[in-house]
Amino acid sequence: MASEAVYSHRDPMLKKRDDFEDILEERRNCSDLRYALKCYTPVVYKGLTPCKAGVLKNMVLQSDQLHYVINQVSKETGKAPEDVQEEASAILEEMAHRMQLSTVRFFAFTLCKVFKTLFRSICVNEEGIQRLQQAIQEHPVVLLPSHRSYMDFLLMSYILFTYDLALPVIAAGMDFMGMKIVGEMLRMSGAFFIRRSFGGDKLYWAVFSEYVKTILKNGLAPVEFFLEGTRSRTAKSLTPKLGLLNIVMDPFLKGEVFDINVVPVSISYERILEETLYARELLGVPKPKESTSGLFKARRVLSEDYGSIHVYFGQPVSVRSLAEGRVNRCQFNLTPRHIPKRPSDDVHSFVNAAAYRLVRAQEENMVLKPWVLLASLLLQNHHQDLDQDRAAGPERGMGLDELTEEALWLRDVCRQYGAFLHWPDHVPPSEVVSSSLDLHRGLVRISEGRVRLAVEHAAGPSGPGVHPGAGPEEQLLNQAVVVLSCASYRNQALHVFLRPALLASAMHIATSSNKQEVFNSFSFLRNMFSNEFILCPGATMQDFEEACFLLVKTGVLQITEQEVLSTHRGHRTLAFLTRMMDPFLQGYQVICMFLCEEASEALTEKTFIPAVRGFMVKQLLSGRLRYTEVLSSDLQKNALAALLRLGAVLKTKGADQTTLKVNRVMVNSLEDTLGGKLPTQKAAVARL
Amino acid sequence: SAFTSGVSLESSPNTMEHIKCPILQEIMKWNGWGYVDSKFQFNKKGQAEFTGKRYRLSGMVMPALKEWFESTFGASLQHKTPAIPNSSAVQPPILNEAFVEDLKSTGIPFSQDAEDRVFRAHGHCLHEIFALREGKVGRVPDMVVWPSNHNDVVKIVELACKHNVCLIPYGGGTSVSSALECPPEETRTIVSVDTSQMNRILWIDEKNLTAHVEAGIVGQELERLLNESGYCTGHEPDSMEFSSLGGWVATRASGMKKNIYGNIEDLVVHIRMVTPQGVIEKSCQGPRMSTGPDIHHFILGSEGTLGVVTEVTMKIRPMPEYQKYGSVVFPNFEQGVACLREVLTLITNVFAGHALKPQKFYITKFKGFDPNRLCVATLLFEGDRERVLQHEKQVYDIAAKFGGLAAGEDNGQRGYMLTFVIAYLRDLGMDYYVIGESFETSVPWDRVLDICRNVKERIIRECKERGVQFPPLSTCRVTQTYDAGACVYFYFAFNYRGLSDPVHVYEQVEHAARDEILANGGSLSHHHGVGKLRKEWMRETVSRVGMGMLKSVKDYVDPGNIFGNRNLL
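Residues numbered from 1 in each chain as written. Chains lettered and ligands numbered in written order. Predicted model: local features only at pLDDT ≥ 70, side-chain atom pairs only at ≥ 80, totals over all residues. Heavy atoms only, no water.

The name recorded for chain B in an unreviewed UniProt entry is Alkylglycerone-phosphate synthase, from Sphaeramia orbicularis. Its UniProt record gives chain B the following Subunit (unreviewed entry) comment, quoted word for word: "Homodimer." Reading the Cofactor (unreviewed entry) entry of the UniProt record for chain B gives the comment "FAD". (UniProt positions renumbered as here; feature names shortened; annotations may be inferred.)

As structure tokens, this is what we get:
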């Protein structure tokens, strides 16, 4: 299998990671102004021929590639080439960055102040910085930070400025440009703006890709963009978008540069600024349009404590070594390189595999705080309370000691799975727990020594709820805001548990402990959830082996030639893992149920989310469904994408809308398989 | 003799005395490049000098060379690796007695002498010369025959077919593709067919400007003889002192003046080749024909796998009235390449040739130019005086547009001269732990800069990864230009102190460099040929069907694999 080497896994315990330095510490002791005005002389790419912004634009407009597309567009539309050239020039004008050191210094100064107010520390792995510095000199560099907050790219530039590294140009969504002054300032600090969708617009694509490639090829600046395309509202990594990655790999594949270094960067926030904003958005309260005034309203956030940020600059990945043996570069020999061409199948699957690998590299170096474990435990406890109808009684929640004990247990499991967990071992566990709960006090209630999620009252005007005291549906949504916020922290650790958890669930739904059957179930689940989680395409076998390896190593399973058996002491882990997956399994089942029972002929892509949400609310209120988490539009979209991919739902393009056609038999059988009611037949698995 | 043979050879009555001019072998090195009397060496003062009297450089002392040599390679005059003066035991010949008997009866001279056999068992690849310097000899031909005309070759090939003997044609021995290496698995008698005695110009046709020449003639001799009659071919490959007309045809050779005169395929009008199936040739000397695929193109580049080229009719031209060298210094390689491209589109003849080399050691300082980036183009103009001068001016004007400054005739001439002595430099390096080689490719214009950068970088990186302790020399030059692209040469050398198997490291790096060339849109070879060195890439180069075509030609022409050097396919 071609993808094997890309995802090869080792014993996760052997992962070596760098130490962190807090870059705010120095800022608290010396002048911010002096810092912002410091001498800034970054090392540059060895092959750099420096050029001004105007020259860059000319290079793009004069490029063979753009000329070709301009002529093509002119022929197709009948417009004069000069007019198309004008359009191209206007697109470039709208897109291009205008980096100015003075603006960067202004941001550096302002951000110092803001960061010091918001965060306890910003920790950076300095060895990663050194590696990056080296990489920048050798080859053009692409920075790929994870994307969890608006903060991300300001933070990145701030850190690079602090360490005297070349400032990146950053691909930003056009929506930022709506923020009048801020948009222009971002532009002057290195952002360039791209429209969110320009699918069929050849000219736009040509200008855009040539702009990025010109910067990259000439080593003018590191290019930074978000592989995930947008901020993850759930804190789970998103399925990587390939457009920009294709563009930045192109110069290497076509031999225009010797190599390109891609550097995954993992930014982990102890507390996310947009926490409840995201939860509301997922619940269908529309996202406020980015506006400058909106940003100022967010000033309230300035008065709160957001803990610390960890930024880990990963090992630079050489595109050349990634492509070695995977892409035959000779395929570009027979047509002029400036003629745009769709990527061939092998290039596409190479870029796709590389993208997954890079997202996984981001995940692996995400720092997990103790709260992530607490959130996971509290969430599970919350559901058990609901299950056992003690949600209102004095027994609800967890005793602090119990929570601490469970957290310590989970901490050890986590470490065995190779998680990058920052648990302060020198602090007594009870203090670790209480300070974590304190930082996230908006999400938990502590009374009489018991801890639970803060779901029952709307939490007052400053709290995260939607509206205080209202009808049952609003109450449900209020609860859901807290649950989803909490789930977003649990999600930070999902990648650690994902493979073992899929195996645990597979054992649960498989009809026997026969190894082949368990593998079939595993493979089914993995396939079903491949839009939900980062699961590298074509790596089912490795994922299964990794899961087996971890669970056998930790004494949870015994695996023979024929059978997968749980051990007595493995029960606790298996139960935890199964409970972790359960909301997703149930969510997908409910969606299947909706499609079979309620979906009308007129269901469209647009009406899908509101309709399914309405159905779920009914189910939740009637007590037939316990996981409010399933109200997340993210889960609903992912499930639909999976069903479309599997062919259980078909899209039919109409005149003005796309309707969804449900294959009820197939959806029904998927629902039953998810619920463990149907064996994962070999045939079904093969078809999937 | 420099050889000690492991067996006492029966001296054949037919050998040597019949041979009119076995000269080359006697005045040439057996384990290095060129003439015995000509070589670079460091004298007692530590200054480099070039010995002998044959070249303009001969007798000159070059103080700068030592510094360049030491600083480029980290080499030191204290660390020597002299060649072993004689070779180890040569395997006794495998003789097909019946063939030998029949051959004797033809009266064609032959030899089983170890020295003769070793001399014809190799070309000039690094690994071949390195092994010889260490005194190591592998499988060598069992006999050498010296046909003196076409009919002799016909007889030899007939006898070889009759007795199932393997023939390997041998011209000037300047191959750099392992083409002359004897396949170690060959169990039949291997006979080296040395064409050096077939060295006459049979006739000159002044009406049609053609000359009919025996294929064993070497380049400088051909040019000298034609010059006596006031003509030239204009075909001047770097190896022209030693390489033969038949060799040029068999490898698709290219010369540095090809812009005026053309490459070998443009120069030949008629070819005669002896194959196991008989003689192949066209029936007339028409300048061009539409008679199906040109059969010359089965012969050109056949690398000795189909037969022996015996006679060639070549185009000739009156010797140029006027010749002028020139040179231009560019601030960098990029500008130089752009300039050459433009020169080519504007000036089609007169501009005989040029070579563009970055960072040459003979021009290190030039006003205002970064010595690490500057690049020199050497130029040669030929033709009638007026037009030469007119075009010379045009070229310099164009060069100026690209920041190029005229750097004088002397530099130009020196550049050309260096072309001939550069191969001697490798021998000097090999005396001091430095091994190297050049290899070439052809590539479309738009990829020239990319391929140069990427291949040079790949070489450096591969050396590092393979434990080479010193930074390698990794450089390139553009030596030929075409409308659609250029020929690029790469020079690669390194100091191998500290490596246990330097030749293996060298080969791995060259292999990687060739992969890189192909991945960057370069060809497998512009004019060196494939031989056995580059065979593995043939299928992807010419496609599966292309391979099938070539194979079926071989199968028809030589079903018994008499021409068994195993090149190409």
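Visitor: Looking at this structure, how should I read the overall build of chain B?
Guide: Secondary structure assignment for chain B yields 17 helices and 21 strands. For 569 residues, the compact-globule estimate of 2.2 N^0.38 gives 25 Å, and chain B sits close to it at 23 Å. For chain B, the C-alpha atoms occupy an extent of roughly 70 × 60 × 50 Å along the three principal directions. In chain B, which comprises 569 residues, the proportion classed as buried is 58%. (Helix = DSSP H or I, 4+ residues; strand = E, 2+ residues; numbered from the N terminus. Rg over C-alpha atoms; globule rule 2.2 N^0.38 Å. Buried < 20%, exposed > 50% of the residue type's maximum accessible area, 1.4 Å probe, protein only.)

Visitor: Would you take a moment to explain the overall build of chain A for this structure?
Guide: A count of helical and extended segments in chain A gives 27 helices and 16 strands. Against the compact-globule benchmark of 26 Å for 688 residues, chain A has a radius of gyration of 26 Å, which places it among compact chains. Overall, chain A is about 70 × 60 × 50 Å in size when its C-alpha atoms are taken along their principal axes. Looking at chain A as a whole, 56% of its 688 residues qualify as buried. Of the roughly 28,700 Å² of accessible surface on chain A, 53% is carried by carbon and sulfur atoms. (Areas by Shrake-Rupley, 256 points an atom, 1.4 Å probe, with all protein chains shown as cover.)

Visitor: Any chance you could explain the interface of chain A and chain B here in plain terms?
Guide: When the parts of a complex come together, some accessible area is lost, and that lost area is often taken as the interface size. Residue-level contacts link 14 residues of chain A with 14 residues of chain B. For the pair chain A and chain B, the summed buried area comes to about 1,300 Å², and 34% of that belongs to carbon and sulfur atoms. Three residues, F258, R329 and R337 of chain A, lead the burial of chain A against chain B; their summed loss comes to 44% of the area buried on that side. Scanning the region where chain A abuts chain B turns up six salt bridges. The partner of D450 of chain B in a salt bridge is R337 of chain A, with the nearest N and O atoms 2.8 Å apart. Tallied by class, residues from the side of chain A that touches chain B come to four nonpolar, three polar and seven charged. (Contact = heavy atoms within 4.5 Å. Buried area = accessible area lost by both parts, 1.4 Å probe. Salt bridge = Lys/Arg side-chain N within 4 Å of Asp/Glu carboxyl O. Nonpolar A, V, L, I, M, F, W, Y, C, P; charged D, E, K, R; others polar.)

Visitor: Any chance you could explain empty space enclosed by the protein here in plain terms?
Guide: Any space left empty among the atoms is revealed by the rolling of a water-sized probe across them. All names here are of chain A. Here the structure, examined in full by the defined rule, presents twelve cavities of 30 Å³ or more. By volume, the largest cavity is sized at about 200 Å³. For the largest cavity, the lining is made up of 20 residues, of which R148, A235, S237, N491 and Q492 are closest to its centre. A per-class count over the lining of the largest cavity returns eleven nonpolar, five polar and four charged. Lining the second largest cavity are 15 residues, and of these T234, L484, N491, E629 and S632 sit closest to its centre. Elements that contribute at least two residues to the lining of the second largest cavity include exactly α19 (472–492) and α25 (633–646). The element that contributes the greatest number of residues to the lining of the second largest cavity is α19, accounting for five residues. For the lining of the second largest cavity, the residue count by class is five nonpolar, four polar and six charged. (1 Å grid on protein atoms, 1.4 Å probe; cavity = no way out; pocket = protein on both sides within 12 Å on 5 of 7 lines; lining within 4 Å. Points joined across faces, edges and corners; volume = space filled by probe spheres on them.)

Visitor: Where do I start with unusual backbone geometry in this structure?
Guide: Excluding glycine, residues mostly have negative phi values, and the peptide bonds linking residues are mostly trans. Residues and elements named next belong to chain B. Positive phi outside glycine occurs at S178, with the angle close to 60°. With a relative accessible area of 2%, S178 lands in the buried category. Although it is not a glycine, E303 sits at a positive phi angle of roughly 55°. Checked against the element boundaries, E303 lands in the loop between α11 (296–299) and β13 (308–315). A relative accessible area of 7% means that E303 is categorised as buried.

Visitor: Whenever I open this one, the state of the cysteines confuses me. Can you help?
Guide: Two cysteines whose sulfur atoms are joined by a covalent bond form what is called a disulfide. Residues and elements named next belong to chain A. A complete count under the given rule lists zero disulfides over all chains for this structure. Here C414 is not disulfide-linked; the sulfur of C486 is the nearest cysteine sulfur, at 16 Å. Relative accessible area serves as the criterion here: at 0%, C414 is assigned to the buried category. (Disulfide = S-S within 2.5 Å.)

Visitor: Is there a simple way to think about the sheet that holds strand β4 (residues 110–111) of chain B in this case?
Guide: Sheet strands line up and pair through hydrogen bonds in the backbone, either parallel or antiparallel. Residue and element names in this part refer to chain B. Pairing is mixed across the open sheet formed by four strands, whose spatial order is β4-β5-β7-β6. With one partner strand each, in any of the chains shown, β4 and β6 (166–170) form the two edges of the open sheet. Both β4 and strand β5 (residues 143–145) contribute to a ladder of two bridges, which runs antiparallel. In the sheet register, F110 faces β5, and the bridge partner there is V145. Across the sheet, helix α3 (residues 97–106) lies against β4, β5 and β7 (190–194), angled at about 25° from β5, the strand it touches most. (Pairing = 2+ DSSP bridges. Axes fitted to C-alpha atoms, helices over the stretch in contact; angles between N-to-C directions.)

Visitor: Teacher, can you tell me more about the confidence of the model for chain A here?
Guide: Reading predicted coordinates in detail is not appropriate for stretches of low pLDDT. Residue and element names in this part refer to chain A. Of the residues in chain A, 91% reach a pLDDT of 70 or more, and the chain-wide mean stands at 88. The model gives residues 1–9 a pLDDT under 50, and that stretch makes 21 contacts with residues more than four places away or in other chains. Contacts from residues 458–468, a stretch scored under 50 in pLDDT, to residues over four places away or in other chains number 18 contacts. (pLDDT = per-residue confidence, 0-100.)

Visitor: Would you mind showing me how to read the pattern of salt bridges here?
Guide: Opposite charge on two side chains lets them pair, provided their charged atoms get close. Here the structure, examined in full by the defined rule, presents 69 salt bridges over all chains. Its salt-bridge partner being E304 of chain A, residue R271 of chain A comes within 2.8 Å of it at the nearest N-O pair. A residue pair is termed long-range when its members are at least 10 positions apart, and R271 of chain A in the loop between β7 (261–269) and α12 (275–282) and E304 of chain A in the loop between α13 (292–297) and β8 (308–313) qualify at 33 residues. Owing to a relative accessible area of 30%, E304 of chain A belongs among the partly exposed residues under this scheme. Of the charged contacts, one joins K282 of chain B and D294 of chain B as a salt bridge, the two residues approaching to 2.9 Å between their closest N and O atoms. Pair noted here: K282 of chain B is in the loop between β12 (278–280) and α11 and D294 of chain B is in the loop between β12 and α11, with a separation of twelve residues, a long-range link. With a relative accessible area of 15%, K282 of chain B lands in the buried category.

Visitor: Explain the pairing of strand β20 (residues 473–481) of chain B to me, please; I cannot follow it from the model alone.
Guide: It is a general feature of regular strands that their side chains alternate between the two faces of the sheet. All names here are of chain B. When you tally the buried positions in β20, you get nine out of nine residues, the bulk of the element. In the sheet, β20 pairs with strand β21 (residues 485–495) via eight bridges, with the strands oriented antiparallel. Bridge pairing in β21 links V478 to V488. A loop of three residues connects β20 with β21, the two strands running antiparallel in sequence.

Visitor: So what exactly am I meant to see when it comes to the UniProt feature "active site" (unreviewed entry) in chain B here?
Guide: All names here are of chain B. According to UniProt, the feature "active site" (unreviewed entry) maps to Y489 in the numbering used here. Mapping Y489 onto the fold places it in strand β21. Apart from residues lying up to four places away in sequence, Y489 is in contact with D238, S438, F439, E440, T475, C476, R477, T479, H527 and H528.

Visitor: Please explain the side chain of R477 of chain B as it appears in this structure.
Guide: Residues and elements named next belong to chain B. Tracing the backbone shows R477 in strand β20. Exposure remark for R477: the relative accessible area of 5% places this residue in the buried category. Within the local environment of R477, its side chain forms a polar contact with the side chain of Y491, the two groups lying 2.5 Å apart. (Polar contact = N/O pair within 3.5 Å; in protein donor to acceptor, adjacent residues only side chain to side chain.)

Visitor: Could you clarify how one ought to interpret the packing of helix α4 (residues 64–77) of chain A against helix α10 (residues 202–217) of chain A in this entry?
Guide: When two helices pack together, their arrangement is given by the angle between the helix axes and by the axis-to-axis distance. Residue and element names in this part refer to chain A. Between α4 and α10, the least distance of the axes is 10 Å, while the angle of their chain directions is 175°. One way to sum up the angle between α4 and α10 is to call them roughly antiparallel. Counted together, Q65, L66, V69, I70, Q72, V73 and E76 of α4 and K202, L203, A206, V207, S209, E210 and K213 of α10 form the full contact between these two elements. By residue class, the composition of the contact of α4 with α10 is seven nonpolar, three polar and four charged. (Parallel < 35°, antiparallel > 145°, perpendicular 65-115°, else oblique.)

Visitor: Where do I start with the environment of H235 of chain B in this structure?
Guide: All names here are of chain B. Tracing the chain through its elements places H235 in the loop between β10 (231–232) and α8 (245–251). For the pair H235 and V455, spaced 220 residues apart in sequence, the C-alpha separation works out to 29 Å. Apart from residues lying up to four places away in sequence, H235 is in contact with W248, A253, S254, G255, G262, I264, L267 and M314.

Visitor: Sorry if this is basic, but what is going on with helix α9 (residues 180–188) of chain A here?
Guide: Quick reminder: α-helices carry 3.6 residues per turn. Residues three or four places apart thus point the same way. Residues and elements named next belong to chain A. Taken as a whole, α9 has its buried residues at V182, G183, L186 and R187. All buried residues of α9 fall inside an arc of 145° around its axis, so they share one side. Along α9, exposed side chains directed more than 90 degrees from the buried face belong to K180 and I181. One or two steps after α9, the chain reaches G190, where phi turns positive at roughly 115°. (Arc of directions from axis to C-beta.)

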